[in-house]
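Fold and contact review
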Amino acid sequence: MAIQWFPGHMHLTKKAITERIKEIDVVIELLDARLPGSSANPMLAALTGAKPALKVLNKQDLADPARTALWLAHYNSQSDTRAIGLDASMTTPAKALIDACHALAPTRGSMAKPMRVLICGIPNVGKSTLINTLTGKRATKTGDEAGITKVEQRLVLADGFYLWDTPGMLWPRIIVAKSGYNLAASGAIGRNAFEEEEVALELLDYLIPNYPDMLAARYRLDLAPGSTDEQVLEEIGRKRGAVLTKGRINLQKAAEIVIYEFRAGTLGRITLETPAEYAQWLAAGQKLDAERQVKKDKIETNRLIKLKKIPRPPKASADGTGGA
């Protein structure tokens, strides 16, 4: 299954970013620290050009701290880029953001030359909650659901520091299959765009080899060698009382439990990808996407030839040089 979700208001967000970026000094991209690669919008780089970028790994209190360190190092090694981690426990997040932006654009930040910052992120990454914390008031609606914010707004964080908030935005086509599942597990994708059971199975397939102790402790499981995601989901359903008539397991209910407890952090501090893993997934996704495009182009070419919109290419001769 390929998970895709791009509601109409996201087209408007894309247009708003394109228009606003001309006067922006720094672009802040809020990432989910549990899936930093999957929650980075590949469309954003094309929209923002060569603007300095601050990558903020939000919800770091829910993520694996060792893996968060790997991701911070990964982003901080890139040119014109800084990366910091944030979570709900930080008392002065505004200072951390302002200081990082000043490091990226040291000539901006005065009343004469104010710092103009655009903050972007995928849906449900915690952007609205962060902005309410930064401003000390309920500036935006929040909720554990993708697509809450739908309009752009300007906020003043400090003298000479202006922040433009944009609605959460995904991209039209997710080519990394694993990213689609990770985004769905995190709550970044609308509930009508995926099947909970399939997402829970993909999540368990990653957790079994990478976080077996957390799984075993949370659900009191005996994870035997070779345990499959299907077996583990059934056992979780059994342990949590998701049992139907004749002992059948309610897999839908079991899946909802797993996804909810991952999102809430009750499973433990988990990160679903490392920089190296994501690089492999991305390379594989790009390869498949290129192959898919070649097939689409061939089908379209054949269609146009059939309709006599374009000439049929000459047949190759025996020596491979083409026919007369």
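Everything discussed here concerns the structure shown above.
1. Notes on the pairing of strand E6 (residues 161-165)
Burial analysis of E6 places five of its five residues in the buried class, the great majority of the element. Residue alternation in E6 divides its side chains into two sets, Phe161, Leu163 and Asp165 and Tyr162 and Trp164, and both sets are buried. Here strand E4 (residues 115-121) runs beside E6; their pairing, made up of five bridges, is parallel. The partner of isoleucine 119 across the bridge, within E6, is aspartate 165. Bridge count for strand E5 (residues 153-158) against E6 is five bridges, and the pairing is antiparallel. Counted as the bridge partner of alanine 158 is phenylalanine 161 from E6. Two successive antiparallel strands, E5 and E6, enclose a turn made up of two residues, where glycine 160 displays a positive phi of approximately 75 degrees.

2. Topic: the nonpolar core
Counting residues in hydrophobic clusters, the biggest one holds 85 residues, and the most contacted among them are Ile28, Leu54, Leu97, Leu163 and Leu183. Sorting elements by how many residues they give to this core places helix H7 (residues 196-210) first, with eight residues. Other than its neighbours up to four places away in sequence, leucine 97 contacts Ile28, Leu54, Val56, Ile84, Leu86, Leu130 and Leu134.

3. Let's talk about the sheet that holds E6
Overall, mixed pairing links the six strands, which are arranged E3-E2-E1-E4-E6-E5 in an open sheet. Only two strands of the sheet have a single neighbouring strand rather than two, namely strand E3 (81-85) and E5. Adjacent strand axes in the sheet meet at a mean angle of 25 degrees when their direction is disregarded. Sheet analysis places strand E1 (residues 26-32) next to E4, joined by five bridges and oriented parallel.

4. Observations regarding the packing of H7 against helix H9 (residues 229-239)
Running from amino to carboxyl end, H7 crosses H9 at an angle of 110 degrees, the nearest separation of the two axes being 9 Å. As summarised for this structure, H7 and H9 are arranged roughly perpendicular, according to the angle between their axes. Within the contact between the two elements, H7 uses Glu197, Ala200, Leu201, Leu204, Asp205 and Ile208 and H9 uses Asp229, Glu230, Val232, Leu233 and Ile236. Among the residues making up the contact of H7 with H9, the classes are represented as seven nonpolar, no polar and four charged.

5. Things to note about the side chain of asparagine 182
Its place among the elements puts asparagine 182 in helix H6 (residues 177-186). The exposure class assigned to asparagine 182 is buried, which follows from its relative accessible area of 5%. There is a polar contact of 3.0 Å between the side chain of asparagine 182 and the side chain of glutamate 273. What asparagine 182 contacts, discounting residues up to four positions off in sequence, is Leu35, Ser38, Leu272, Glu273 and Trp281.

6. Observations regarding empty space enclosed by the protein
The full count for this structure, using the stated rule, is one cavity of 30 Å³ or more. Counted as a void, the largest cavity has a volume near 50 Å³. Along its surface, the largest cavity is lined by Ile17, Glu29, Asn41, Leu44, Cys120, Gly121, Ile122, Thr166, Pro167 and Met169. For the lining of the largest cavity, the class distribution of residues is six nonpolar, three polar and one charged.

7. Considering H7
The terminal C-alpha atoms of H7, which comprises 15 residues, lie 21 Å apart, in line with the 21 Å expected from a rise of 1.5 Å per residue. Considered for burial, the residues of H7 that qualify are Glu196, Val199, Ala200, Leu201, Leu203, Leu204, Tyr206, Leu207 and Ile208. Residues of H7 that are buried make contact with helix H3 (65-76), H6, helix H8 (212-219), H9, helix H10 (251-264) and helix H11 (275-306).

8. Re the packing of aromatic side chains
Applying the stated criterion across every chain yields a total of one aromatic pair. A cation sits over an aromatic face here: arginine 154 above tyrosine 162, 4.5 Å from the ring centre.

9. Looking at the environment of tryptophan 164
Inspection of the secondary structure assignment puts tryptophan 164 in strand E6. Owing to a relative accessible area of 8%, tryptophan 164 belongs among the buried residues under this scheme.

10. A word on helix H5 (residues 127-135)
Looking only at H5, the buried set comprises Lys127, Ser128, Leu130, Ile131, Asn132 and Leu134. At its buried positions, H5 is contacted by E1, helix H4 (93-104), E4, E5 and E6. Glycine 136 lies just past H5 and shows a positive phi near 75 degrees.

11. Observations regarding the packing of H3 against H11
Contact pair H3 / H11: the axes reach a minimum separation of 9 Å and the direction vectors enclose 65 degrees. Contacts between H3 and H11 involve Arg67, Leu70, Trp71 and His74 on the former and, on the latter, Pro275, Glu277 and Tyr278. When grouped by side-chain class, the residues that make up the contact of H3 with H11 number four nonpolar, one polar and two charged.

Rules used in this analysis
Residues numbered from 1 in each chain as written. Predicted model: local features only at pLDDT ≥ 70, side-chain atom pairs only at ≥ 80, totals over all residues. Heavy atoms only, no water. Buried < 20%, exposed > 50% of the residue type's maximum accessible area, 1.4 Å probe, protein only. Helix = DSSP H or I, 4+ residues; strand = E, 2+ residues; numbered from the N terminus. Pairing = 2+ DSSP bridges. Core = buried A, V, L, I, M, F, W, Y, C linked by side-chain atoms within 4.5 Å. Contact = heavy atoms within 4.5 Å. Axes fitted to C-alpha atoms, helices over the stretch in contact; angles between N-to-C directions. Parallel < 35°, antiparallel > 145°, perpendicular 65-115°, else oblique. Nonpolar A, V, L, I, M, F, W, Y, C, P; charged D, E, K, R; others polar. Polar contact = N/O pair within 3.5 Å; in protein donor to acceptor, adjacent residues only side chain to side chain. 1 Å grid on protein atoms, 1.4 Å probe; cavity = no way out; pocket = protein on both sides within 12 Å on 5 of 7 lines; lining within 4 Å. Points joined across faces, edges and corners; volume = space filled by probe spheres on them. Expected span 1.5 Å × (residues − 1). Phe/Tyr/Trp six-rings, centres within 6.5 Å; stacked < 30°, edge-to-face > 60°. Lys NZ or Arg CZ within 6 Å of the ring centre and 35° of its normal.

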